[in-house]
Amino acid sequence: MDFRRLHPLLRFYSRPLLSFCRNINVYDDEMAQIARPDWHLIMDGRYNKGLAFTIEERQRLGIMGLMPCSVRSIEDQLDAARANFDAGPSNISRFTYLSAVHNRHRRLYYRFVRDNIEEVLPIVYTPTVGDVVATYGLNFQHATSLFISIHDKGHIRDVMHNWIDEGVRAICVTDGGRVLGLGDMGANAMGISLGKMVLYTALGGIPPTSLMPVCLDVGTDNQSLLNDPLYVGARIPRVKGPEYEEFVEEFMETAVKCFGNYTFIHFEDFATPNALKFLKKYQYKYCCFNDDIQGTGATGLAAFINVERITGLKLEDTIFVFVGAGSAALGIANMLIIELEERGIPSEEAAKNVYLFDANGLMTCESKDVPEQVKRYLKPVEPIKELQDVVEKLKPSVLVGATGVGGIFNEQVLKTMAKNHERPAVFALSNPTSSSECTAEQAYTHTEGRVLFGSGSPFPPVVINGKRFTPAQANNCLTFPGIALAAITTKAKYLPNSVFSVASHELARSTTQKQLDAGTLFPAIKDAQEVAFNVGVAMAQYLFDNDLASIYPKPKDVCEFVRKSLYELEYRNSMPNTWCYPEQPPKPKEKPKPPPKVKDDDK
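Residues numbered from 1 in each chain as written. Predicted model: local features only at pLDDT ≥ 70, side-chain atom pairs only at ≥ 80, totals over all residues. Heavy atoms only, no water.

A. Structural view of the overall build of the chain. Looking only at helices and strands, the chain has 26 helices and 14 strands in total. Projected onto the principal axes, the alpha-carbon positions of the chain cover approximately 125 × 95 × 50 Å. Expressed as a percentage of its 603 residues, the buried residues of the chain come to 52%. Of the contacts made within the chain by residues no fewer than 6 positions apart, 72% connect residues no fewer than 24 positions apart. Working note: accessible area of the chain is about 30100 Å², and carbon and sulfur atoms make up 53% of it. Across the chain, the mean location of the 65 positive side-chain charges is 5 Å away from that of the 71 negative side-chain charges. (Helix = DSSP H or I, 4+ residues; strand = E, 2+ residues; numbered from the N terminus. Buried < 20%, exposed > 50% of the residue type's maximum accessible area, 1.4 Å probe, protein only. Contact = heavy atoms within 4.5 Å. Areas by Shrake-Rupley, 256 points an atom, 1.4 Å probe, with all protein chains shown as cover. Lys, Arg positive; Asp, Glu negative; His and termini not counted. Charge placed at Lys NZ, Arg CZ, Asp CG, Glu CD.)

Dropping the structure here:
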């Protein structure tokens, strides 16, 4: 007889039998009086420690038996997480695994990112985040972020009150107008905001419950997204003009009404005209920051300061050519001008050695339809169409690429840079890797290993004539977590341009002499958490010293003040503290009641 056929029947009849047995169980008053916390709350990623719960914690929380009896330390869990991470067959699969860890074990996740930042950064940030954005609709599971649609205009306050955490102190907001080298990505750009928030906590030590990633979904002009059946955003052309600006204005006003006047608002991946417009409009009205302009600018200026330290050529005597005239290039160029003006260079002379080159060639006084922010960089020279001819004629010692056009720094351009200068500096800042202006190997090969190189995306080491070169990554993760840390801990009123110069100099100082001797312009990514903290402390000190902080009185030790605000990546006791009370005094004895008085009428 085939007993497998009986299995469904046995399974069917076991359930009512079990239910019947439960119904006739004797009432257990002892168990009925025990209050057990909600299991779902304990397993929430904010509190869950998995096998790191001690036996006592499991017993007291009522989860004993719901997991194996072994107890692991956080180090054991990190080893297990690393084994799973390494087993991932692709970067996207590693990203998906880490997202699952984030949902289940929040503190373990951030500890893993911090401790393995060199390997994990390319997964949670560039370049893999570009693939995440491109496939966001395909891989979307559940939201840990806030989507505000143009259809919510007039009701943003209602939407914000749906947010899952209280005590928001920082917001990273995008409208997906210009993402990396991918262009208009609409609501898919939420992947970028989430990646930034991860590094706020892992490197900046900012509590994740105080962070809110936001996407302002105003549609998209990316036709491939509009035709994609899995696209998650508003399937309409991108809203522009007064309606769009009113929508952003409502968002800004509502953010501070809901979360306080000192809420730090980080603008990310807005199209260049909008990024520049909103920065000018809101910089001194809110505590806000644009990473594409100011974060990139601070990182770029730090590299220039280190180029100056290596070559001995002063910044005011250096010729710069910026290839690209978008938010990144303008952000770096503007920070350079601020630095030169602080060194005493007159404003009208500060930009004389700074040239911009866009899709139409060298930008001159004859260039048409030039944005207002670019006009200070126009030169009364003959227009030049080809980059190679610009490099040949102007002989820049610093060449900066922020174009999103892969390979524009070709062999001829790089060899010309090497011919004109003993230590040329070349920055290929575009992301993802496929959009980089040149690779590290191309830069070192065509300059005979003499180049001072920095890139937006990571590149492996290069060996030229038996000498090993480690490319420096000009990554904003070295600055923006520290900028956010300072703004949040000091409750900054606003962030003037001068404060980003402080961040630049602190980042430059974090590059050791040994690294400079090796031609490396930035600290190693493995030191990003320490660098971010130092940037945060230096900026906080500046904010306190210049009456830009709202914390009173000013802390005696700013470093210690900032350190005490950090989100610790260690497990603590999951149980509330208990303490002893003195023995209660005995209850007073009741005084004997006097006998009732007898009235005269009763005698």
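B. Spatial organisation of the packing of aromatic side chains. Tallying each qualifying case throughout the model produces 24 aromatic pairs. Residues Y136 and F140 carry aromatic rings whose centres are separated by 5.8 Å and whose planes lie at 55° to one another, so their mutual orientation is tilted. Judged by centre distance (6.4 Å) and plane angle (10°), the rings of F267 and Y282 are stacked. One end of the pair, F267, is in strand β4 (residues 264-268); the other, Y282, is in helix α15 (residues 272-282), and 15 residues separate them in sequence. Each member of the pair F267 and Y282 is classed as buried. Ring pairs connect the aromatic residues Y244, F267, F270, F278, Y282 and Y286, which therefore count as one cluster. (Phe/Tyr/Trp six-rings, centres within 6.5 Å; stacked < 30°, edge-to-face > 60°.)

C. Just the pattern of salt bridges, in detail. Scanning the model with the defined rule gives 32 salt bridges in all. The salt bridge partner of E57 is K49, with a shortest N-O separation of 3.1 Å. Using a relative accessible area of 4% as the deciding quantity, one classes E57 as buried. Of the charged contacts, one joins D527 and K526 as a salt bridge, the two residues approaching to 3.4 Å between their closest N and O atoms. You can call D527 partly exposed: its relative accessible area is 24%. The class of K526 is exposed, set by a relative accessible area of 52%. Shared partners join several salt bridges into a network, and the residues in it are E75, R111, R114, D115 and E570. (Salt bridge = Lys/Arg side-chain N within 4 Å of Asp/Glu carboxyl O.)

D. Highlighting the pairing of strand β10 (residues 425-428). The side-chain alternation of β10 yields two buried faces, one formed by A425 and F427 and the other by V426 and A428. The pairing of strand β9 (residues 398-401) with β10 spans four bridges and is classified as parallel. Along β10, the bridge assignment pairs G401 with A428. Two elements, β10 and strand β11 (residues 452-455), share four bridges in a ladder whose sense is parallel. Opposite A428, over in β11, you have S455 as the bridge partner. A crossover links β10 with its parallel partner β11, the connecting element being helix α21 (residues 440-446), and its sense is right-handed. (Pairing = 2+ DSSP bridges. Right-handed = clockwise from strand over helix to strand, strands pointing away.)

E. Examining the side chain of D269 more closely. If you trace the backbone, D269 turns up in the loop between β4 and α15. With a relative accessible area of 2%, D269 lands in the buried category.

F. Seen up close, the confidence of the model for the chain. On average, residues of the chain carry a pLDDT of 91, and 95% of them reach 70 or more. The lowest-confidence element of the chain is helix α1 (residues 7-23), averaging 43 in pLDDT; the highest-confidence one is strand β2 (residues 170-174), averaging 98. Residue range residues 1-21 is modelled with pLDDT below 50. Its contacts to residues more than four positions away, or to other chains, number one contact. (pLDDT = per-residue confidence, 0-100.)

G. Expanded view of unusual backbone geometry. Looking along the chain, the bond that leaves T126 and enters P127 is cis, with omega of 10°. Its location among the elements puts P127 in the loop between α8 (117-124) and α9 (128-134). Cis peptide bonds are those with omega within 30 degrees of zero, and the linkage from Y552 to P553 qualifies with -5°. Note that P553 resides in the loop between α25 (528-545) and α26 (558-563). With a phi close to 50°, D369 is a non-glycine residue in the positive phi region. The residue D369 is located in the loop between β8 (361-362) and α19 (387-394) in this model. For D369, a relative accessible area of 79% gives the class exposed. In the Ramachandran plot, N465 falls in the positive-phi region, its phi being about 50° despite a non-glycine side chain.

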